[in-house]
Amino acid sequence: DIGRENLDYVVPLDAELEERARAYIDLDEATLALRQAAFAAGERIRHPIFGPGTVTAVDAGQTCYTVQFDGLKTERTIQFGAPLERE
């Protein structure tokens, strides 16, 4: 990202290697974005199938929420990418 003009190369960089590295970085950045929680513990949310509920825990390492849905007796684990909305 700093530009080739700002680098001194001992050996010219292989274009294919640079392309593969950029693809890897783009994928990693997309994955990182998914790992960031959109909701915090205590927030009210709505799921299209399970309905309304409360986020009881956020696990960034596992990229999931624990949610107690109003209509269910037990908590459910829901991935960060699930279609949840704020209530």
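Conventions adopted
- Residues numbered from 1 in each chain as written.
- Predicted model: local features only at pLDDT ≥ 70, side-chain atom pairs only at ≥ 80, totals over all residues.
- Heavy atoms only, no water.
- Helix = DSSP H or I, 4+ residues; strand = E, 2+ residues; numbered from the N terminus.
- Buried < 20%, exposed > 50% of the residue type's maximum accessible area, 1.4 Å probe, protein only.
- Contact = heavy atoms within 4.5 Å.
- Polar contact = N/O pair within 3.5 Å; in protein donor to acceptor, adjacent residues only side chain to side chain.
- Salt bridge = Lys/Arg side-chain N within 4 Å of Asp/Glu carboxyl O.

1. Observations concerning the environment of glutamate 87
Part 1: Looking at the element boundaries, glutamate 87 is found in the segment after β5 (85–86).
Part 2: Under the relative-accessibility criterion, glutamate 87 is labelled partly exposed at 48%.
Part 3: Considered as a pair, glutamate 87 and threonine 54 are 33 residues apart in the sequence and their alpha carbons are 9.4 Å apart.
Part 4: Setting aside its immediate chain neighbours within four residues, glutamate 87 contacts Arg44, Ile45, Arg46 and Pro52.
Part 5: For glutamate 87, the side chain forms a polar contact with the side chain of arginine 46, separated by 3.1 Å.

2. Quick look at the pattern of salt bridges
Part 1: This structure, assessed with the given rule, holds six salt bridges.
Part 2: A salt bridge links arginine 44 to glutamate 87; the nearest nitrogen and oxygen atoms lie 3.3 Å apart. Taken together, the residues span a long stretch of sequence, with arginine 44 in strand β1 (residues 44–47) and glutamate 87 in the segment after β5 at a distance of 43 residues.
Part 3: For arginine 46, the salt bridge is made with glutamate 87, and the minimal N-O distance between the two is 3.1 Å. Note that arginine 46 is positioned in strand β1 and glutamate 87 in the segment after β5, a separation of 41 residues in sequence.
Part 4: Three or more residues joined by partner-sharing salt bridges are found here, namely Arg44, Arg46, Asp70 and Glu87.

Purely geometric stuff here, so don't read any function into it on its own.
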